[in-house]
Amino acid sequence: MTAPARLSPGDTAPDFTLPTDSGGPLALADLRGRKVLLYAYPAAMTPGCTKQACDFRDSLASLQAAGYEVVGISPDKPEKLARFRERDGITFPLVSDTDRAVLTAYGAYGEKQSYGRTVTGVIRSTFVIDADGRIERALYNVRATGHVAKLRRDLGLD
């Protein structure tokens with residue numbers, strides 16, 4: 001497998017309808033007219049992914065006040081995402097992409113470096129999608145710790 005194709009500002013965000021942690025579907029098209037922060041993470045209930053989700057949770061009110069909806073996406077099954085939501089009080093939707101098709105379409109699944117070796121997996125990424133469904137920013141290989149604070153600064157929210 002080679003490196004995935006990456007999205008760039010101005011690209012149309014790949015549309016999706018995926019199951020959520022609450023059991024119902026979430027479609028990106030349903031969020032048109034609002035700005036979306038879609039963040040891809042490898043696995044619910046792991047230390048880095050928990051830290052990142054809790055950072056988004058703790059910033060959610062101010063992100064929403066600035067017009068952003070937050071959605072997390074991972075290859076975890078909806079049942080695991082529901083446990084994650086309950087355990088950590090996650091207050092935004094988590095969507096399940098078990099076949100990794102959406103993650104791949106966003107360039108967030110493929111070869112990556114992990115501890116000096118090449119592995120295939122989820123590339124921790126964040127996508128800022130504008131109200132018209134276009135990519136405003138595509139951030140790849142972000143760090144779990146400190147990413148939300150940096151994102152807030154980059155978006156002019158701090």
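Residues numbered from 1 in each chain as written. Predicted model: local features only at pLDDT ≥ 70, side-chain atom pairs only at ≥ 80, totals over all residues. Heavy atoms only, no water.

Participant: An account of the UniProt feature "active site" (unreviewed entry) in the chain is requested, with residue identities and associated values reported.
Facilitator: According to UniProt, the positions carrying the feature "active site" (unreviewed entry) are Cys49. Looking at the secondary structure, you find Cys49 in helix H1 (residues 47-65). Cys49 has contacts with Tyr41, Pro42, Ala43, Phe84 and Arg124, leaving out every residue within four places of it along the chain. (UniProt positions renumbered as here; feature names shortened; annotations may be inferred. Helix = DSSP H or I, 4+ residues; strand = E, 2+ residues; numbered from the N terminus. Contact = heavy atoms within 4.5 Å.)

Participant: An account of the packing of H1 against helix H2 (residues 78-88) is requested, with residue identities and associated values reported.
Facilitator: Two numbers describe how H1 lies on H2: the axes approach to 11 Å, and their chain directions differ by 60°. For the crossing formed where H1 meets H2, the hand is right-handed. Residues Cys49, Thr50, Ala53, Cys54 and Arg57 of H1 lie in contact with H2, whose contacting residues are Phe84, Arg87 and Asp88. Residue classes in the contact of H1 with H2 are distributed as four nonpolar, one polar and three charged. (Axes fitted to C-alpha atoms, helices over the stretch in contact; angles between N-to-C directions. Left-handed = near helix turned anticlockwise from the far one by under 90°. Nonpolar A, V, L, I, M, F, W, Y, C, P; charged D, E, K, R; others polar.)

Participant: Any details on empty space enclosed by the protein? Residues and values, ideally.
Facilitator: Summed over the entire model, instances satisfying the criterion amount to one cavity of 30 Å³ or more. Estimates place the volume of the largest cavity at around 30 Å³. Every residue lining the largest cavity is listed: Leu28, Leu31, Arg32, Arg34, Val36, Ile129, Asp130, Ala131 and Gly133. Here the lining of the largest cavity is composed, by residue class, of five nonpolar, one polar and three charged. (1 Å grid on protein atoms, 1.4 Å probe; cavity = no way out; pocket = protein on both sides within 12 Å on 5 of 7 lines; lining within 4 Å. Points joined across faces, edges and corners; volume = space filled by probe spheres on them.)

Participant: Tell me what's going on with the pairing of strand E8 (residues 125-129), and back it up with residues and numbers.
Facilitator: Where burial is concerned, most of E8 is hidden: five out of the five residues are buried. Burial along E8 is two-sided: Ser125, Phe127 and Ile129 facing one way and Thr126 and Val128 facing the other are all buried. One ladder, built from five bridges, connects E8 with strand E9 (residues 135-140); its direction is antiparallel. For Ser125, the partnering residue across the bridge sits in E9 and is Tyr140. Counting the residues between successive antiparallel strands, the hairpin from E8 to E9 contains five residues, one of them, Gly133, with a positive phi of roughly 85°. (Buried < 20%, exposed > 50% of the residue type's maximum accessible area, 1.4 Å probe, protein only. Pairing = 2+ DSSP bridges.)

Participant: Any details on the pattern of salt bridges? Residues and values, ideally.
Facilitator: Scanning the entire structure with this criterion turns up eight salt bridges. Of the charged contacts in the structure, one is a salt bridge between Arg85 and Glu86, with a shortest N-O distance of 3.2 Å. The exposure class assigned to Arg85 is partly exposed, which follows from its relative accessible area of 22%. When the shortest N-O distance is used, the salt bridge between Arg87 and Asp88 registers 2.7 Å. (Salt bridge = Lys/Arg side-chain N within 4 Å of Asp/Glu carboxyl O.)

Participant: Any chance you could break down the packing of aromatic side chains for me, citing the residues and the numbers?
Facilitator: Counted by the stated rule, this structure contains eight aromatic pairs. On the basis of an interplanar angle of 65° and a centroid distance of 6.5 Å, the ring pair of Phe16 and Tyr106 is categorised as edge-to-face. Here Phe16 is found in the segment before strand E1 (17-19), whereas its partner Tyr106 is found in the loop between helix H3 (101-105) and strand E6 (109-114), with 90 residues between them in sequence. An aromatic cluster of at least three residues, connected via ring pairs, comprises Tyr39, Tyr41, Phe56, Phe84 and Phe92. The ring of Tyr140 carries Arg6 above its face, with NZ or CZ at 4.3 Å from the centroid. Sitting over the face of the ring of Tyr68, Lys35 holds its NZ or CZ atom 4.5 Å from the ring centroid. (Phe/Tyr/Trp six-rings, centres within 6.5 Å; stacked < 30°, edge-to-face > 60°. Lys NZ or Arg CZ within 6 Å of the ring centre and 35° of its normal.)

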